[in-house]
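# Examination of the molecular architecture
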Amino acid sequence: MPPLLEAYLTPTASAARFAVKASLAMFLALYLALWLDLDRPYWALISAAFLQIRPMSGMVVEKGLCQIGGTIVGAVAGITIMALFVQARVPALASLTAWIMLCTYGSSLLRNNFSYGCIMAAVTAMLIVVIAGSNPASVFDVAVSRLSELGLGAICATLVSALLWPTKMRDHLAEQANTVINQAFVQAAQRLEASDDHAALQASLTGSLGPLTQLETDSQAARYEGPAGKGRVRATHVLTRRTLRFLATLHAMHHLLGDRGDRLDDDVRALTAECARGFRDAEADDGVPAARRRLQTLRHRALALDEQHRSPLQRRIVLGVRDLLGHAIVMLDARAAIITPGARQLRSGRLSWHRDHLAAGVNALRAGLVFAGLATFWILTHWSSGQVAMLLGTLFSAFFASRDNPVAITMMFYKGMLAAIPSAFLFGHVLLAQANGFPMLAMIFGTPLFLGLLGAGHPRLMGYCLAFTIFNILLTMPGNGMDFSFDSFANRAVAVVIGLTVVVMSFRLLPGLGATLRRRRLVGAISRDLRRLDQRPLSEAETLFSGRMADRLLALARHDDMLPLDQRHLFALGLTGLDLGVSGLRLRQWLDATPELRQPRQAYQQALAQAYRACAAGRSCPALSDAASALLDAARRYHALPDERLALIEGMLERLALSLEQQARRIAEARPDAR
């Protein structure tokens, strides 16, 4: 069944609940705004609609606070610009352009609701400067009105979210955590079986990393759901960190099992096969306790096997299996702590994120050019509806800038906007002109809004239907003194088309960093982080590296999907970087307690970063072998380590060199022109 028919003929219960909750929040906000005789009641309507897009109670509260906070900051900026340039329109608009660029830059670097707060700061300042430009005495009235309208929408959305079919962050985070762990366990089974199905390996890995980054971003909103929220945030941090360690260890194990699997004893080979089955069974187990017991049994078996005297290769395999099972058990504990934070005491710092300042600068430049172009058009034409075009240009050029494919998303909104024009004319112009009283207004105007929200519950229709809903509001602009003339409606429709068309053109003419440059910057960022692992305390270095690598792996996976099958190496390159970072942190933990080994260990870390950059270009790095030999010679000379630990370190250095060599060879074969 086509998605459109499926959304409306067989809607899911969650889609119906979302449409009902969002509609109630919006019309409660509209009724109160009309009763309070606010200047622009439709802003309260739009505010409630935006806050209900992700209806978890903690998320609504956080987004509402960010929205109000961004509005206050934007109001202060707008008032300041008007105070400085009250009689000079062009300098005022130039200052406003700089402010919009700054807000877009911050939005590109921040996450989730805090990014939305930056956009609200840009939009609020724009409205104050543009609306109050013709009447400077009204600047404070415009600022207070804007804050009142958005605050009213936020309050109504929060009340409806908390009282009607409340959705808790606890349940949302638990669902995301289940997906992360299940996909990670599938990945473990595939790699322990030494699978060479690269498409399946990448699918399970991105299937774990995608929800993992979303989980880490969303978890901050759990702190708004009572005292247990902070415990859920900590549990999420633990899950993120352990999952990344788990994936890095799997990548190393896959290389060993694929290249040296024929040299393993039967019992070690049986252990890896049993663990692969155990991970598949644990993924299918109902509940954390059953999966935890299964993995704990396997870990006891690995411990018993490790006590037997074996070759260094066998020891490395068994130790890797032990690490995998240990990480998996902690991941399950973190999943349980998300539901009941008090049951387990987990501690972890907040993770960092990958931030590309050049990409953020390009987004800011694009937003500034869009606003400057629309502002110039507004000044030259003296068109009153030009404010609507400027609003849309400011909002969507910043809102879509950080998305993976802004052109496609903007085109979805463009199509939704075109569908909203006849709908708004019929319901918001022809029929609404005959309405008398708020009940009739809600019945007539609420029909297209409810249909749009119901369709937005279908993932494939969300962009089109949200645009349909938002543009119905902007084209109708409900209020106490509505103008139902056709000229007014036509002006708004043309302004909407012009504003969104300029946004589409801006993304096509200035699409951002190209794929090649973005790949180079990602690899360069990983290499820099590998060099800087020694510059911070151990726990802080791990926090920074782990959080950023989740973002980078997803970005490299997306770039990999654009390459032919025989040239896909970027995702494996990202995993190699993750493995090098985790191994470097482990070496630091083992060796830095011995002062004599600190300097050769740091020299090896720098050589490792240099070797990674060379590997990304398809070349080898002789300096890595020299640094590894110097480190091992120092350890033997000072007798600083037990023989068992020294053998493990020697095996680790050998494995890292082998991994980099193999990765460089694959890249050179995939890219004959590699430099």
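I will try to describe carefully the structure that is included in this document.

Procedures and definitions
- Residues numbered from 1 in each chain as written.
- Predicted model: local features only at pLDDT ≥ 70, side-chain atom pairs only at ≥ 80, totals over all residues.
- Heavy atoms only, no water.
- 1 Å grid on protein atoms, 1.4 Å probe; cavity = no way out; pocket = protein on both sides within 12 Å on 5 of 7 lines; lining within 4 Å.
- Points joined across faces, edges and corners; volume = space filled by probe spheres on them.
- Helix = DSSP H or I, 4+ residues; strand = E, 2+ residues; numbered from the N terminus.
- Nonpolar A, V, L, I, M, F, W, Y, C, P; charged D, E, K, R; others polar.
- Expected span 1.5 Å × (residues − 1).
- Buried < 20%, exposed > 50% of the residue type's maximum accessible area, 1.4 Å probe, protein only.
- Patch = residues over 30% accessible without salt bridge, like charges linked within 9 Å, V, L, I, M, F, W, Y side chains within 5 Å.
- Areas by Shrake-Rupley, 256 points an atom, 1.4 Å probe, with all protein chains shown as cover.
- Salt bridge = Lys/Arg side-chain N within 4 Å of Asp/Glu carboxyl O.
- Phe/Tyr/Trp six-rings, centres within 6.5 Å; stacked < 30°, edge-to-face > 60°.
- Contact = heavy atoms within 4.5 Å.

The next point concerns the layout of surface pockets. What the second largest pocket holds in volume is close to 860 Å³. If you go around the second largest pocket, you meet 24 residues; those closest to its centre are Ser14, Ile53, Pro55, Met56 and His172. Elements with a minimum of two residues in the lining of the second largest pocket: α2 (13-35), α8 (169-192), α9 (198-218) and α18 (462-476). Residue composition of the lining of the second largest pocket, grouped by class: twelve nonpolar, seven polar and five charged.

With that out of the way, let us pick up helix α19 (residues 486-509). Helix length check: α19, at 24 residues, gives a terminal C-alpha distance of 34 Å against a target of 34 Å (1.5 Å per residue), a fit within 8%. Taken together, the buried positions of α19 are Ser488, Phe489, Arg492, Ala493, Ala495, Val496, Gly499, Leu500, Val503, Val504, Ser506 and Phe507.

This paragraph deals with a nonpolar patch on the surface. Taken together, Leu4, Tyr8, Phe450 and Leu451 make up a surface patch of nonpolar side chains, about 330 Å² in accessible area. Going through the elements one at a time, α1 (3-9) and α17 (438-456) are the ones with two or more residues in the nonpolar patch. Looking at where Leu451 falls in the secondary structure, it is placed in helix α17.

Here the structure, examined in full by the defined rule, presents 17 aromatic pairs. Both rings, one in Phe27 and one in Phe445, keep their centres 6.3 Å apart while their planes meet at 80°; by these two values the pair is edge-to-face. With Phe27 in helix α2 and Phe445 in helix α17, this pair connects stretches of sequence that are 418 residues apart. For Phe27, a relative accessible area of 11% puts it in the buried group. Aromatic pair Phe399 and Phe400: ring centres 5.8 Å apart, planes at 70°, arrangement edge-to-face. Here Phe399 matches Phe400 in class, with each residue buried. Every member of this aromatic cluster is reached through a ring pair, and the members are Phe50, Tyr116, Phe396, Phe399, Phe400, Phe413 and Phe471.

Turning to the pattern of salt bridges, a few remarks are in order. Inspection of the entire model under this criterion finds 14 salt bridges. Across the pair Glu542 and Arg245 runs a salt bridge whose closest N-O atoms are separated by 2.1 Å. Residue Glu542 is located in helix α21 (residues 538-561), and its partner Arg245 is located in helix α10 (residues 229-260); the two are separated by 297 residues in the primary sequence. Between Arg548 and Asp529 there is a salt bridge, with the nearest N and O atoms lying 3.2 Å from each other. Of this pair, Arg548 sits in helix α21 while Asp529 sits in helix α20 (residues 515-531), placing them 19 residues apart in sequence.

Tracing the backbone shows Val180 in helix α8. The residues contacting Val180, other than those within four sequence positions of it, are Ser208, Pro211, Leu212 and Thr243.

All we've got here are geometric facts, nothing functional implied.
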